Amino acid sequence: MTSYVEMIEKITPEIYQNLKQSVELGKWPNGKPLTAEQRETCLQAIIAWELKHLPEEERTGFIDGPGCQSHKDDDHHDEKIIIKTKTTH
């Protein structure tokens, strides 16, 4: 079995777009609904792919730093997103 990192490296821009659209619509291109686990896995793959291929301001969940209303009264701007992955042995 390929590792999670190897799978992310094999995602093409077309696959990325399909995953993103599937998460947005809640269903696969064939119309079958995503399960909660599939949606979570797709989101993790999207975020991991974007981290490698897109500038920060184009990534899912990007919030524009100092100008953002939620950060005006906040001195702590070093929050990080941690992606948990499941491994099978």
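Let me sum up the structure you'll find in this document. (Residues numbered from 1 in each chain as written. Predicted model: local features only at pLDDT ≥ 70, side-chain atom pairs only at ≥ 80, totals over all residues. Heavy atoms only, no water.)

**Examining the pattern of salt bridges**
Close approach of charged atoms lets side chains of opposite charge pair.
Okay, step 1: Within the structure shown, the criterion is met by one salt bridge.
Okay, step 2: The residue glutamate 9 makes a salt bridge to lysine 52 at a minimum N-O spacing of 4.0 Å. Here glutamate 9, found in helix α1 (residues 4-9), pairs with lysine 52, found in helix α3 (residues 36-53); they are 43 residues apart in sequence, far enough to count as distant.
Okay, step 3: The exposure class of glutamate 9 is partly exposed, given its relative accessible area of 49%.
Okay, step 4: Given a relative accessible area of 54%, lysine 52 falls into the exposed group. (Salt bridge = Lys/Arg side-chain N within 4 Å of Asp/Glu carboxyl O. Helix = DSSP H or I, 4+ residues; strand = E, 2+ residues; numbered from the N terminus. Buried < 20%, exposed > 50% of the residue type's maximum accessible area, 1.4 Å probe, protein only.)

**A word on the packing of aromatic side chains**
Okay, step 1: Throughout the structure, instances matching the rule amount to one aromatic pair.
Okay, step 2: The interplanar angle of 20° and the centroid separation of 4.1 Å between the aromatic rings of tyrosine 16 and tryptophan 49 together place this pair among those described as stacked. With a gap of 33 residues between them, tyrosine 16 in helix α2 (residues 13-25) and tryptophan 49 in helix α3 connect regions that are remote in the sequence. In this structure, tyrosine 16 and tryptophan 49 share a single accessibility class: buried. (Phe/Tyr/Trp six-rings, centres within 6.5 Å; stacked < 30°, edge-to-face > 60°.)

By themselves, these figures tell us nothing about what the structure is for.
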